[in-house]
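Architecture at a glance
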Amino acid sequence: MAARELRAVFSRLRRTLREASATTDLTPSQTAVLSRLINDGPASASGLAAAERVRPQSMAATLAVLERHGLIGRRPDPEDGRRQLVSLTEDGLARIADSRRVREEWLARAMEERYTEAERGTVLAALALLDRLSER
């Protein structure tokens, strides 16, 4: 029961945060690729497809849109000149930074408005416990 509730709460919170910084011109798949690139660094199209569990053709379409928006660039892989590495452009980095800032500001404001100081302390204590779930 607790696991189901926890998953549901995180799912709703993730959706709410996504809506707080929603842009009309990017799909969740495109946003996921940008996030993966900022978190994991440059990658090949096939590596991104495997990481996102999509077909290479689907990833190619996603990357084409991101490239048209000027959010990613491609360059030859220094280890294998036949491959290209995809990385974020300055505009892509700025887009991710702006999106994160908007979400963090929304969350800070919502917590300030909806929780008492004691409740915010409880949330922080719970986060420390939850963080242990992600440790390997």
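All of the points below concern the structure found in this document.

Considering the overall build of the chain
Scanning the chain from N- to C-terminus turns up six helices and three strands. Listing each helix as α and each strand as β along the chain from the N terminus yields α-α-β-α-α-β-β-α-α. Relative to the globule expectation of 14 Å for 136 residues, the C-alpha radius of gyration of the chain, 18 Å, shows a markedly less compact shape. Along the longest, intermediate and shortest principal axes, the C-alpha atoms of the chain span 55 × 30 × 25 Å. Split by element, the accessible area of the chain, about 9700 Å² in all, is 53% carbon and sulfur. For the chain, the centre of its 23 positive side-chain charges and the centre of its 20 negative side-chain charges are spaced 7 Å apart.

Structural notes on the pattern of salt bridges
Tallying each qualifying case throughout the model produces eight salt bridges. The closest approach of N and O atoms between arginine 36 and glutamate 52, which form a salt bridge, is 2.5 Å. Within this pair, whereas arginine 36 is found in helix H2 (residues 28-40), its partner glutamate 52 is found in helix H3 (residues 45-52), the two being separated by 16 residues in sequence. Here glutamate 52 falls in the partly exposed class, since its relative accessible area comes to 23%. Shared partners join several salt bridges into a network, and the residues in it are Arg36, Asp40 and Glu52.

Here we look at unusual backbone geometry
A positive phi angle, close to 55°, is found at arginine 53, a residue other than glycine. Considering the arrangement of structural elements, one finds arginine 53 in the loop between H3 and helix H4 (56-68). With relative accessibility at 78%, the residue arginine 53 sits in the exposed group.

Let's talk about H2
A rise of 1.5 Å per residue sets the reference length of H2, with its 13 residues, at 18 Å; its end C-alpha atoms lie 18 Å apart and thus fit the reference within 8%. Buried within H2 we find Gln30, Val33, Leu34 and Leu37. Looking straight down H2, one finds its buried side chains confined to an arc of 95°; they lie on one side. Pointing more than 90 degrees away from the buried face of H2 are the exposed residues Pro28, Asn39 and Asp40. Where H2 terminates, the next one or two residues include glycine 41, which has phi positive at roughly 85°.

What about the pairing of strand E2 (residues 72-77)?
A regular strand carries its side chains on alternate faces of the sheet. As judged from the six bridges shared by E2 and strand E3 (residues 80-88), these two strands associate in the antiparallel manner. Note on E3: the bridge partner recorded for aspartate 77 is aspartate 80. Where E2 folds back on E3, the antiparallel hairpin that results is connected by two residues.

A short note on the sheet that holds strand E1 (residues 43-44)
Strand pairing in a sheet is mediated by backbone hydrogen bonds. Such pairs are either parallel or antiparallel. If you walk across this open sheet you meet the three strands as E1-E3-E2, and the pairing is antiparallel. The open sheet has two free edges, formed respectively by E1 and E2, since each of these has just one partner strand. Here E1 runs beside E3; their pairing, made up of two bridges, is antiparallel. Paired with serine 44 across the two strands is leucine 85, which belongs to E3. Lying on the sheet, H2 is in contact with E1, E2 and E3; it crosses E3 at an angle near 105°. Along the sheet, H4 contacts E2 and E3; its crossing angle with E2, the most-contacted strand, is approximately 115°.

Reading the values: rules and limits
- The residue count restarts for each chain, going from 1 along the sequence in the order it is written.
- Where totals are concerned, whole chains, interfaces and linings use all residues; where local detail is concerned, this predicted model gives features only for residues with pLDDT of at least 70, and gives and counts side-chain atom pairs only at 80 or more.
- Derived side-chain values reflect all non-hydrogen atoms in the structure, with water molecules and hydrogen atoms excluded from consideration.
- Secondary structure elements are taken from DSSP: a helix is a run of H or I of four residues or more, a strand is a run of E of two residues or more, and numbering for both begins at the N terminus.
- In this setup the radius of gyration rests on C-alpha atoms only. A globule is expected at 2.2 Å times the number of residues raised to 0.38.
- Each accessible area value is a Shrake-Rupley result obtained with a 1.4 Å probe; residue values ignore everything except the protein chains displayed when judging cover.
- Positive charges are assigned to Lys and Arg, negative charges to Asp and Glu, while His and the chain termini are left out of the count.
- Where a charge sits is defined by one atom per residue type, namely NZ (Lys), CZ (Arg), CG (Asp) or CD (Glu).
- What counts as a salt bridge is simple: a side-chain nitrogen of Lys or Arg found within 4 Å of a carboxyl oxygen of Asp or Glu.
- For each residue, the accessible area found with a 1.4 Å probe, counting protein chains only, is set against the maximum for its type, and the residue is called buried under 20%, exposed over 50%, and partly exposed in between.
- A helix is expected to span 1.5 Å multiplied by its residue count minus one.
- Here the arc refers to the set of directions running from the helix axis out to each C-beta atom.
- Should DSSP find at least two bridges between two strands, the strands are taken to pair.
- Whether two residues touch is decided by their heavy atoms; if any such pair falls within 4.5 Å, the residues are in contact.
- Axis geometry follows a simple rule: fit a line to the C-alpha atoms, using only the stretch in contact for helices, then measure angles between N-to-C directions, giving values from 0 to 180 degrees.

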